[in-house]
Amino acid sequence: MRMRKKKHGAERIAACGALLIDDTARLFADPQYAFPEHRPLALEIGCGKGRFACGMASAHPEMNFIAMERVSDVACIALEKAMAQAEARTTDNLRFLIGDARNLSEWFAPHSVSVIYLNFSDPWPQNGYRKRRLTYRDFLERYRTLLKEDGILLFKTDNQGLFDFSLEEFAVCGLTVEWSSRDLHHSPYAEGNVMTEYEESFSSKGMPICAAQVRFS
Ligand code: SAH
C-alpha cells in the first residue's frame, strides 16, 4: 500500500498510544500484557487501515486482537480509526503493533497465538520475490511456532495466483486446509465474514474473493 508521508505522523501515533503495543520485550514475556483481560489471542498481519481488526474486535468480545502493520503511516490511520470507535466498543480487546512480520518470532512467544489472519497480503507476482509472500513456507513455519497446537490461519485474497501458490505452500508444510473457496461471498463460509478495505473495493468491482482456513496440527 503506497501512501504519501503523513505530516506529524509520530505525534498522531503517540496520541493513539493507549492502543499501541510498544514494549515488545514485555509482549514476548506476556502476550496479553496490553489487555485488561486474558482471552484467546488473534493476530492480523498486514492490517492496512484497520477496518477488519475494528470489525472483528467488536464482533468477537471473547477474543483479544493484535493488528500488525509494517508501514507506520498506514498503521496511523488504523489506530485513529480504532481510537474513534473505542467508546462504542463494549470490550477493550484491540491493540496495534507497528512492525514487519519477519520479526514475529522476536515478539511472540511460542504457542501464544490462537488465530492468525492474513488479508489481501501483497502478492509479489514475480517469481523472484516469492519468498516475500506472507504464505511462503518460511513464514508458515514462523506461524507454526507462535500458534497454539490447535491454532488456525485464515487467509483471504483477490489474487488467484497468490491463492494457488498459498495452497501449494500449505501442502508443502503439511497443513490441513479445513475449507477453501474461490468465491467466499457466495459460499457457506460467508457467514460472519468481516470485510477489509481491499475486500470491499475488489468485491464492489465484481471480483470474487478467495479464502481458506488452515489448521497447523
Ligand atoms: N489487510 C488490508 C490491507 C491489505 S494491503 C486490507 O485487506 O484492506 C497489505 C498490507 O500488508 C499493507 O498495508 C502492507 O504494508 C502490509 N504488509 C505487507 N507485508 C508486511 C509484513 N511483512 N509485515 C507487516 N505488514 C505487512
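Further up the page is the structure itself.
Everything quoted here is computed from the prediction, not taken from an experiment.

Colleague: How should the overall build of the protein be read in this particular structure?
Modeller: Looking only at helices and strands, the protein has eight helices and seven strands in total. Its C-alpha atoms give the protein a radius of gyration of 17 Å, near enough to 17 Å, the size a compact globule of 217 residues would have. On the principal axes, the C-alpha backbone points of the protein span a range of 40 × 40 × 35 Å. Across the 217 residues of the protein, 48% fall into the buried class. Of the roughly 10,700 Å² that the protein leaves accessible, carbon and sulfur atoms contribute 50%. For the protein, the separation between the mean place of its 27 positive charges and that of its 29 negative charges on side chains is 6 Å.

Colleague: Would you take a moment to explain the pattern of salt bridges for this structure?
Modeller: If the charged atoms of two oppositely charged side chains come close together, the side chains can form a pair. For the coordinates displayed, the defined rule picks out 13 salt bridges. In this structure, the salt-bridge partner of R70 is D100, at a minimum N-O distance of 3.4 Å. Pair noted here: R70 is in the loop between β2 (64-69) and α4 (72-85) and D100 is in the loop between β3 (94-98) and α5 (104-107), with a separation of 30 residues, a long-range link. Given the relative accessible area of 45%, R70 is considered partly exposed. Take D100: its relative accessible area is 15%, and that puts it in the buried class. Linking D122 and R70 is a salt bridge whose minimum nitrogen-to-oxygen distance equals 3.9 Å. Of the two residues, D122 sits in the loop between β4 (113-119) and α6 (137-146) while R70 sits in the loop between β2 and α4, which places them 52 residues apart along the sequence. The partly exposed category is assigned to D122, whose relative accessible area is 36%. Through salt bridges with shared partners, one network takes in R70, D100, R102 and D122.

Colleague: How should I be thinking about the side chain of S181 in this particular structure?
Modeller: Tracing the sequence through the fold places S181 in strand β6 (residues 176-181). Within the structure, S181 has its side chain in polar contact with the backbone nitrogen of L184 (distance 3.3 Å). Leave out the neighbours within four places in its chain, and S181 touches F163, S187, Y189, I209, C210 and A211.

Colleague: Would you mind showing me how to read the environment of N193 here?
Modeller: With respect to the helices, strands and loops of the structure, N193 is situated in the loop between β6 and α8 (197-204). Taking the C-alpha atoms as reference, N193 lies 9.0 Å from M56; in sequence the two are 137 residues apart. In contact with N193, other than residues within four places in its own chain, are K156, L184, H185 and E199. At a separation of 2.8 Å, a polar atom in the side chain of N193 contacts the side chain of E199.

Colleague: Before we go on, may I ask you to explain the site of the ligand in this structure?
Modeller: Taken together, 18 residues surround the ligand, and among them G46, E69, A101, T196 and Y198 come closest. The contact in question runs from a nitrogen atom of the ligand to an N or O atom on the backbone of G46, over 2.9 Å. In isolation the ligand offers 570 Å² of accessible surface; the protein chains occlude 97% of this area.

Colleague: How should I be thinking about the nonpolar core in this particular structure?
Modeller: Burial of nonpolar side chains together is a common tendency in soluble globular proteins. In terms of nonpolar packing, the biggest core is built from 37 residues, with L43, I45, I66, L104, F108 and Y143 touching the most fellow members. Sorting the residues of this core by element identifies β1 (41-45), β2, α5, β4, α6, β5 (147-157), α7 (160-172) and β7 (210-215) as the ones contributing at least two each. Excluding anything up to four places from it in sequence, F108 contacts L27, F28, L41, L43, I66, L97, V113 and L146. Residues A78, L94, L184 and F202 belong to the second largest nonpolar core, which totals 31 residues.

Colleague: Which parts of the structure should I look at to understand the sheet that holds β4?
Modeller: Sheet strands associate in pairs through backbone hydrogen bonding, adopting either a parallel or an antiparallel arrangement. Pairing is mixed across the open sheet formed by seven strands, whose spatial order is β3-β2-β1-β4-β5-β7-β6. Only two strands of the sheet have a single partner each, and these edge strands are β3 and β6. Neighbour to neighbour, the strand axes of the sheet diverge by 15° on average, direction disregarded. Across five bridges, β2 lies against β3 in parallel orientation. Paired with A67 across the two strands is F96, which belongs to β3. In this fold α7 packs onto β5, β6 and β7, with an angle of close to 160° to the strand it touches most, β5.

Procedures and definitions
Residues numbered from 1 in each chain as written. Predicted model: local features only at pLDDT ≥ 70, side-chain atom pairs only at ≥ 80, totals over all residues. Heavy atoms only, no water. Helix = DSSP H or I, 4+ residues; strand = E, 2+ residues; numbered from the N terminus. Rg over C-alpha atoms; globule rule 2.2 N^0.38 Å. Buried < 20%, exposed > 50% of the residue type's maximum accessible area, 1.4 Å probe, protein only. Areas by Shrake-Rupley, 256 points an atom, 1.4 Å probe, with all protein chains shown as cover. Lys, Arg positive; Asp, Glu negative; His and termini not counted. Charge placed at Lys NZ, Arg CZ, Asp CG, Glu CD. Salt bridge = Lys/Arg side-chain N within 4 Å of Asp/Glu carboxyl O. Polar contact = N/O pair within 3.5 Å; in protein donor to acceptor, adjacent residues only side chain to side chain. Contact = heavy atoms within 4.5 Å. Near = heavy atom within 4 Å. Core = buried A, V, L, I, M, F, W, Y, C linked by side-chain atoms within 4.5 Å. Pairing = 2+ DSSP bridges. Axes fitted to C-alpha atoms, helices over the stretch in contact; angles between N-to-C directions.

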